Amino acid sequence: MLEKLKKSLEEAPVIQKECDGQIYNYFIHPISDGIPETDPAILEEIADFIIADGKVGGIDKIVTVEAMGIPIATTLSLKTRIPVSIIRKRKYGMVGEVELSQSTGYSKGALFINGLKKGDRILIVDDVISTGGTLLPLLETLNGMGADVAGVYCVIGRGEGMGHIKEKTGVDVTVLVDISVSKDGVTVIGGVK
Ligand SMILES: O=P(O)(O)OC[C@H]1O[C@H](OP(=O)(O)OP(=O)(O)O)[C@H](O)[C@@H]1O
């Protein structure tokens, strides 16, 4: 299962990014970076896995975060006909807009939620979970808004983010492929069976 994704991850190059004096080994892959090009068959195997996992029933909106969650969410939307709502990195100033802070292992920024409301039953999908610094504030904010999170899928998992989310929120994030990243490359260490 997900063999195309796993094989392509094993071949992903790694660069080193520096943030606040810390070096972060950053893998570059079509699913997380859109380069060099994305094989639609990999997007399809991801969407098919999520659909087969059985949580898409009764979902009002697929929710993802700009930018690289978008191809995954869009593929899933086309297959399920469920609308997609994108959490943007751009402020709109619309009535009801909710702002939250995001931090990753290499960046800090703001996210803006428009179009979600209390009672929306949502499925969150994203490309990567690493530190959990994107998903944790997002889940806390959505909980505060009264959204009903039916499931959370991150295609690629690395680091402690998944455990951090479980500890802080009780939410089980489904990671499709677990990897470890060093300056020398990516190793697939597991994932969904
Ligand atoms: O668990 P974390 O440490 O938060 O890392 C995961 C986040 O990192 C990337 O976001 P980034 O803002 O770099 O975005 P991109 O999707 O625009 O490339 C990725 O899309 C995840 O949202």
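Calculation notes
- Residues numbered from 1 in each chain as written.
- Predicted model: local features only at pLDDT ≥ 70, side-chain atom pairs only at ≥ 80, totals over all residues.
- Heavy atoms only, no water.
- UniProt positions renumbered as here; feature names shortened; annotations may be inferred.
- Helix = DSSP H or I, 4+ residues; strand = E, 2+ residues; numbered from the N terminus.
- Contact = heavy atoms within 4.5 Å.
- Phe/Tyr/Trp six-rings, centres within 6.5 Å; stacked < 30°, edge-to-face > 60°.
- Buried < 20%, exposed > 50% of the residue type's maximum accessible area, 1.4 Å probe, protein only.
- Lys NZ or Arg CZ within 6 Å of the ring centre and 35° of its normal.
- Pairing = 2+ DSSP bridges.
- Axes fitted to C-alpha atoms, helices over the stretch in contact; angles between N-to-C directions.
- Salt bridge = Lys/Arg side-chain N within 4 Å of Asp/Glu carboxyl O.

Per an unreviewed UniProt entry, the protein is named Hypoxanthine/guanine phosphoribosyltransferase, and its organism is Methanimicrococcus blatticola. What UniProt states about the protein under its Pathway (unreviewed entry) heading is, verbatim, "Purine metabolism; IMP biosynthesis via salvage pathway; IMP from hypoxanthine: step 1/1." What UniProt records for the protein under Subunit (unreviewed entry) is the sentence "Homodimer."

(A) Layout of the environment of isoleucine 31. Within the secondary structure, isoleucine 31 is located in helix 2 (residues 30-33). Sequence separation between isoleucine 31 and aspartate 126 is 95 residues, and the spatial gap between their C-alpha atoms is 9.8 Å. Contacts of isoleucine 31, omitting those with residues within four sequence positions, involve Leu5, Thr38, Ile42, Leu43, Ile46, Met68, Ile72, Asp127, Val155 and Ile156.

(B) Focus on the packing of aromatic side chains. Within this structure, the stated rule accounts for 2 aromatic pairs. Judged by centre distance (5.1 Å) and plane angle (85°), the ring pair of tyrosine 26 and tyrosine 106 falls under edge-to-face. Remark: tyrosine 106 occurs in the loop between strand 5 (98-103) and strand 6 (108-113) and tyrosine 26 occurs in strand 2 (residues 22-27); sequence separation between them is 80 residues. Look at tyrosine 26 and you get buried, because its relative accessible area is 12%. Among the aromatic residues, those joined into a cluster by ring pairs are Tyr24, Tyr26 and Tyr106. A cation over a ring is seen here: lysine 17 above tyrosine 26, with NZ or CZ 4.8 Å from the ring centre.

(C) Quick look at the sheet that holds strand 7 (residues 121-129). In spatial order, the strands read 4-3-7-8-9-10; together these 6 strands make up an open sheet with mixed pairing. Looking along the sheet, the strands with just one partner apiece sit at the ends: strand 4 (84-87) and strand 10 (185-191). With strand direction ignored, the average angle separating the axes of adjacent strands in the sheet is 25°. Across 8 bridges, the pairing between strand 7 and strand 8 (residues 148-157) is parallel. By the bridge assignment, aspartate 126 is partnered in strand 8 with cysteine 154.

(D) Inspection of the pattern of salt bridges at higher detail. Using the criterion set out here, one finds 13 salt bridges in the structure. Across the salt bridge formed by glutamate 97 and lysine 91, the nearest N and O atoms sit 3.8 Å from each other. Since its relative accessible area comes to 53%, lysine 91 is described here as exposed. A single network of salt bridges, built from pairs that share partners, joins Glu44, Asp48 and Lys79.

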